[in-house]
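# Residue-level structure breakdown
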Amino acid sequence: MTAQQSLLKQSRWKAWEPLLWLLAFAAPVVLPGHAMLISEIAIVALFAISLDLILGYTGIVSLGHAAFFGLGGYAAALFAKLVMPDPLVGLAFGMAVATLTGALFSLTIMRGSDLTRLMVTLGAGLILMELANKLDWLTGGADGLQGVVMGPVLGRFEFDLTGRTAAYYALSVLLVFFLLMRRVVHSPFGATLTAIRDNRLRAMAIGIPVSSRLALSYTVAAGVAGAAGALLTQTTGFASLDLFEFHRSADVMLMLVVGGVGWLYGGIVGAVVFKLMQDTLSNITPQYWTFWIGLFLVVLVLVGRERLLRPWTWFRKRGGA
């Protein structure tokens, strides 16, 4: 089997995938009281997919990915408030701003070790958060950007208090970007990214332009993260400094730990599990829900993702499981 045939085989849809997406789009109707939660899950799933492109497929560890999430959110909110309230145009604008900023910041991840990139990406997020805080005449500072009113999606579907429009809007955007990202990672370009992740020196030796691939991957991921941030501000009608906070980057990293890296559905699965656990546990124990999530992550790491649903295998040796 040639490399091209292998990529084509990987890109083919499995039998269960259309059913999964049909269930996702049926969820706002079946569970109308949880439409806003479904919308939030779709948004953080898109955010997780963007991080997976650079972490799972390229091998770039980032703790400042929320920088582009927040930038896209603020750009879309400001566009709606100052220019026009059309959601799709605002989404494109937020994504464009995040993409351009990602292209600029990609110059900082060309050299150095993983630890260097970790600190540089974290610093980028802190810089943008401080800028949003200081430019209070534009962003609202610590009070956040208020008075963001969105127009109807496609000129027909108004955002309402039930959150159904927001849920379908977020799910539709997630599906579109999932298909695009699937195309990217199962292309020859995606194959070069995994080669760089596995062995950068070998990739350079066989003629892969490592620096340009790293920059392009980081730029694309920044744009998708910006789209996720734009979705959040559009569906909530509010943008605050919380978009840039470190916990945003940490949470999306944990989602990939739960769902698995180097697999686009890993970001979606991780987002679903993490947000459902957060919503359920915070209702049961508002003060200690983070403890239970932490305990879950410890168990996940100790027993492994594959054996988590088979408790009777936890105490066996891995070779005999």
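Attention in this report is confined to the structure presented alongside it.

Rules behind the numbers
Residues numbered from 1 in each chain as written. Predicted model: local features only at pLDDT ≥ 70, side-chain atom pairs only at ≥ 80, totals over all residues. Heavy atoms only, no water. Helix = DSSP H or I, 4+ residues; strand = E, 2+ residues; numbered from the N terminus. Expected span 1.5 Å × (residues − 1). Buried < 20%, exposed > 50% of the residue type's maximum accessible area, 1.4 Å probe, protein only. Contact = heavy atoms within 4.5 Å. Core = buried A, V, L, I, M, F, W, Y, C linked by side-chain atoms within 4.5 Å. Phe/Tyr/Trp six-rings, centres within 6.5 Å; stacked < 30°, edge-to-face > 60°. Polar contact = N/O pair within 3.5 Å; in protein donor to acceptor, adjacent residues only side chain to side chain. Salt bridge = Lys/Arg side-chain N within 4 Å of Asp/Glu carboxyl O.

Time to look at helix 13 (residues 264-284). Note on helix geometry: an α-helix contains 3.6 residues per turn, so any two residues three or four positions apart are oriented the same way. In a regular helix each residue adds 1.5 Å, so 21 residues correspond to 30 Å; helix 13 covers 31 Å between its end C-alpha atoms and thus fits that length. Looking at helix 13, one finds that the buried residues are Leu264, Tyr265, Gly266, Gly267, Ile268, Gly270, Ala271, Phe274, Lys275, Gln278 and Leu281.

Before going further, it helps to spend a moment on the environment of Leu138. By secondary structure assignment, the location of Leu138 is in helix 7 (residues 136-139). Expressed as a C-alpha distance, the spacing of Leu138 and Tyr74, which sit 64 residues apart in the sequence, is 9.9 Å. What Leu138 contacts, discounting residues up to four positions off in sequence, is Leu78, Leu82 and Leu145.

If you look at the biggest cluster of nonpolar residues, it comprises 85 residues, and the most contacted ones within it are Leu46 and Tyr74. If one sorts the elements of this core by residue count, helix 3 (residues 35-55) sits on top with 14 residues. Discounting residues that sit within four places of it in the chain, Tyr74 has contacts with Ala132, Thr139, Gly141, Leu145, Ala239, Ser240, Leu241, Leu243 and Phe244.

Per the counting criterion, the structure on display carries eleven aromatic pairs. When the ring of Phe25 is compared with that of Tyr168, the centres are 6.4 Å apart and the planes differ by 25°; the resulting orientation is stacked. Taken together, the residues Phe25 in helix 2 (residues 16-30) and Tyr168 in helix 8 (residues 164-185) connect sequence positions 143 residues apart. Between Phe68 and Tyr218 the ring centres are 5.6 Å apart and the planes differ by 85°, which places this aromatic pair in the edge-to-face class. Here the residue Phe68 occupies a position in helix 4 (residues 66-82), and Tyr218 occupies one in helix 11 (residues 210-236), the gap between them amounting to 150 residues. Grouping residues by exposure puts Phe68 and Tyr218 together as buried. An aromatic cluster is defined as three or more aromatic residues linked by ring pairs; in this entry it consists of Trp21, Phe178, Trp263 and Tyr265.

Moving on: the side chain of Gln278. Within the fold, Gln278 resides in helix 13. Here Gln278 falls in the buried class, since its relative accessible area comes to 16%. Only 2.6 Å separates the side chain of Gln278 from the side chain of Lys275, close enough to count as a polar contact. Not counting chain neighbours up to four residues away, the residues in contact with Gln278 comprise Trp289 and Ile293.

What follows deals with the pattern of salt bridges. This structure, assessed with the given rule, holds five salt bridges. For the salt bridge of Lys275 with Glu40, the shortest nitrogen-to-oxygen distance reads 2.7 Å. Note that Lys275 is positioned in helix 13 and Glu40 in helix 3, a separation of 235 residues in sequence. A relative accessible area of 30% means that Glu40 is categorised as partly exposed. For Arg197, the salt bridge identified is with Asp198, shortest N-O distance 3.0 Å. Its relative accessible area of 36% is what places Arg197 among the partly exposed residues.

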